[in-house]
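Structure assessment
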Amino acid sequence: MNDPRGAAEPAAAVAVPEAVTALDPGTAPPGGSAPDGRRPGARRAALGPVALVVAGGLSVQFGAAVAVLLMPKVGALGVVTLRLAAAALVLLVICRPKLRGHSRADWGTVVAFGVAMGGMNTLFYQALERIPLGAAVTLEVLGPLVLSVVASRRLANLVWAALALGGVVLLSGGGFDRLDPAGAAYALGAGAMWAAYIVFSARTGRRFPQADGLALAMVVAAVLSLPLGIMEAGSKLLVPTTLGLGAAVALLSSVLPYTLELMALRRMPAPTFAILMSLEPAIAATAGFLILDQALSTTDALAIALVIGASMGAVRSQGRGSRKR
């Protein structure tokens, strides 16, 4: 039997989750209120999902920088296989997801989530093999930005998305014509899969308890990537030091950030989440500077400020919209 939730329109997939109503900051506290009418506890609760997204972004970008160091040993596809396989094993042990009691629509959602996750990782690491980390993430983040524009029903979100896009373009140096064309194409494809990841992550979070859906989707992604990794790296995947680095990449770039993002998507609308994803180029530039010795220019710093300002504006705009509702 088909789950009636599976028939929802695409726009409904990024609607405000029910949990957001529990975070409505407009309720006065029992013993008084803050100057803006919000309870201090409600304000902290509203900032909680934002902190989850930022922490996930820090983890995934520093994990990507470590992955760049691993690529000379096993190649891009080998890194993807190590990352997804290790992450799948960790999540299966931690979550122990139940395989029974799910509808065909639930399984369809998890498979789509896994395909999006696997495609996003494969395309992104192919891009990293050809273009710098900051440029790859800058191009990739266009996917979530487009999603935020298409899915948003509020003019303010469109304005903040446009400002974030301006920061992304500025961070690119005004154009991508100097980049390897194949690398740029892979990064744009990864952005499209990232947008799909956001949608299906939100749907999976509503259909499966805790992180069960994430664990099952990670298995799907690992199974899809395994033949490609074996073809490229073969027995090199089994070298102990390579396995150790692969496990570190899996924890930093998959297990921790995906879990944090899944938790955040249960507590904030996907359009706001997508705009917050525009922080990724700034985080990537920082990781590239600290780990890969990629210096930041004044233009880069200005671009980062624009992106952070857009993200903060999106959060404030969402808070005002919640109070009105």
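Residues numbered from 1 in each chain as written. Predicted model: local features only at pLDDT ≥ 70, side-chain atom pairs only at ≥ 80, totals over all residues. Heavy atoms only, no water.

Some remarks on the confidence of the model for the chain
Rules: The predictor rates its confidence in each residue with pLDDT, a number between 0 and 100. Only runs of H or I of at least four residues qualify as helices and only runs of E of at least two qualify as strands under DSSP, and these elements are numbered from the N terminus. Throughout, a contact is declared for two residues whenever any of their heavy atoms are within 4.5 Å.
The predicted model of the chain has a mean per-residue pLDDT of 75, with 74% of residues at 70 or higher. Of all secondary-structure elements in the chain, the lowest mean pLDDT belongs to helix 1 (residues 18-21), at 29, while helix 3 (residues 104-128) reaches the highest, 92. Low confidence marks residues 1-36, where pLDDT is under 50. Its contacts with residues over four positions away, or in another chain, come to 63 contacts.

So, the environment of Leu 276
Looking at where Leu 276 falls in the secondary structure, it is placed in helix 10 (residues 270-276). C-alpha separation for the pair Leu 276 and Val 50, spaced 226 residues apart in sequence, amounts to 7.9 Å.

Overview of the packing of aromatic side chains
Spelled out, the test is: Only Phe, Tyr and Trp rings are paired, with Trp represented by its six-membered ring, and only when their centres lie within 6.5 Å; those with planes under 30 degrees apart are stacked, over 60 edge-to-face, the remainder tilted. For the exposure calls, accessible area comes from a 1.4 Å probe over protein chains only, and a residue counts as buried if that area is under 20% of its type's maximum, exposed if over 50%, partly exposed in between.
Scanning all chains against the criterion turns up two aromatic pairs. Taken together, a centroid distance of 5.4 Å and an interplanar angle of 35° make the contact between Phe 113 and Tyr 197 tilted. With a gap of 84 residues between them, Phe 113 in helix 3 and Tyr 197 in helix 7 (residues 181-207) connect regions that are remote in the sequence. Taken individually, Phe 113 and Tyr 197 each receive the classification buried, so the pair is uniform in this respect. Considering the side-chain rings of Phe 124 and Tyr 125, the 5.7 Å spacing of their centres and the 65° angle between planes classify their relative orientation as edge-to-face. Residue class for Phe 124 comes out buried when judged on its relative accessible area of 6%.

A closer look at the nonpolar core
Convention followed: To qualify as a nonpolar core, a set must consist of buried Ala, Val, Leu, Ile, Met, Phe, Trp, Tyr and Cys residues joined through side-chain atoms within 4.5 Å.
Within the largest apolar cluster, 73 residues are counted, with the highest numbers of intra-cluster contacts made by Tyr 125, Leu 133, Leu 214 and Met 218. Take this core: its biggest share by element is 20 residues, from helix 2 (residues 40-95).

Observations regarding the side chain of Ser 253
The criterion, for reference: The term polar contact refers here to a pair of N or O atoms within 3.5 Å; inside protein, the definition further demands a hydrogen-donor-capable atom paired with an acceptor-capable atom, and it admits residues adjacent in sequence only when both atoms are side-chain atoms.
Locating Ser 253 in the fold gives a position in helix 9 (residues 240-265). Within the structure, Ser 253 has its side chain in polar contact with the backbone nitrogen of Ala 64 (distance 3.4 Å). Setting aside anything within four residues of it in sequence, one finds Ser 253 in contact with Ser 59, Val 60, Gly 63, Ala 64, Arg 83, Tyr 125 and Tyr 258.

Structural notes on the side chain of Ser 225
Its location among the elements puts Ser 225 in helix 8 (residues 212-233). In contact with Ser 225, other than residues within four places in its own chain, are Val 80, Thr 81 and Leu 84.

Focus on a nonpolar patch on the surface
Put simply, the rule reads: Residues enter patches when their relative accessible area tops 30% and they take part in no salt bridge; the joining distance is 9 Å for like charges and 5 Å for the nonpolar side chains Val, Leu, Ile, Met, Phe, Trp and Tyr. Per-residue and other accessible areas follow the Shrake-Rupley method at a 1.4 Å probe size, with only the shown protein chains counted as cover for residues. Take a side-chain nitrogen of Lys or Arg and a carboxyl oxygen of Asp or Glu: if they are within 4 Å of each other, that pair is a salt bridge.
Taken together, the side chains of Leu 69, Phe 289, Leu 290 and Ile 291 define a hydrophobic patch exposed on the protein surface, amounting to about 370 Å² of accessible area. Take the nonpolar patch: its biggest share by element is three residues, from helix 11 (residues 280-291). In this structure, Leu 69 sits in helix 2.

Some points on unusual backbone geometry
Even without being glycine, Arg 96 reaches a positive phi, approximately 45°. Within the secondary structure, Arg 96 sits in the loop between helix 2 and helix 3. Given a relative accessible area of 68%, Arg 96 falls into the exposed group.

Describing helix 7
Put simply, the rule is: One less than the number of residues in a helix, times 1.5 Å, gives the span that helix is expected to have.
With 27 residues, helix 7 extends 39 Å from end C-alpha to end C-alpha; this agrees with the ideal 39 Å at 1.5 Å per step. Its side-chain oxygen placed 3.2 Å from the backbone nitrogen of Ala 182, Asp 180 serves as the N-cap of helix 7.

Things to note about helix 8
The α-helix advances 3.6 residues per turn, and as a result positions three or four apart in sequence lie on the same side. Note the following rule: We define the bend at any residue as the angle between the axes fitted to the seven residues before and including it, ending there, and the seven starting there.
Taking 1.5 Å as the rise per residue, helix 8 with 22 residues should run 32 Å; its terminal C-alpha atoms sit 30 Å apart, in good agreement. The largest bend in helix 8 amounts to roughly 35° and is located at Ser 225, with the proline Pro 227 lying one to four residues further along. Buried within helix 8 are the following residues: Asp 212, Gly 213, Leu 214, Ala 215, Leu 216, Ala 217, Met 218, Ala 221, Ala 222, Ser 225, Gly 229 and Ala 233.

So, the environment of Gly 191
Summarising the element assignment, Gly 191 is placed in helix 7. Distance from Gly 191 to Leu 123, taken between C-alpha atoms, is 8.9 Å for residues 68 residues apart in sequence. Those residues within four positions of Gly 191 in sequence are excluded, and the remaining contacts are Glu 140, Gly 143 and Pro 144.

Examining the packing of helix 3 against helix 7
Definition in use: Inter-axis angles, ranging from 0 to 180 degrees, are taken between N-to-C directions of lines fitted to C-alpha atoms, where helices are fitted over the stretch in contact. What sets the label is the angle itself: under 35 degrees gives roughly parallel, over 145 gives roughly antiparallel, 65 to 115 gives roughly perpendicular, and the rest give oblique. Each crossing gets its handedness from the near helix: less than a right angle anticlockwise from the far helix is left-handed, clockwise is right-handed. When residue character is reported, Ala, Val, Leu, Ile, Met, Phe, Trp, Tyr, Cys and Pro are called nonpolar, Asp, Glu, Lys and Arg charged, and the others, Gly included, polar.
Running from N to C, helix 3 and helix 7 point in directions that differ by 155°, and their axes come no closer than 7 Å. Our classification of the angle between helix 3 and helix 7 gives roughly antiparallel. Classified by chirality, the crossing of helix 7 by helix 3 is left-handed. Partitioning the contact of helix 3 with helix 7 into residue classes produces 18 nonpolar, seven polar and three charged.

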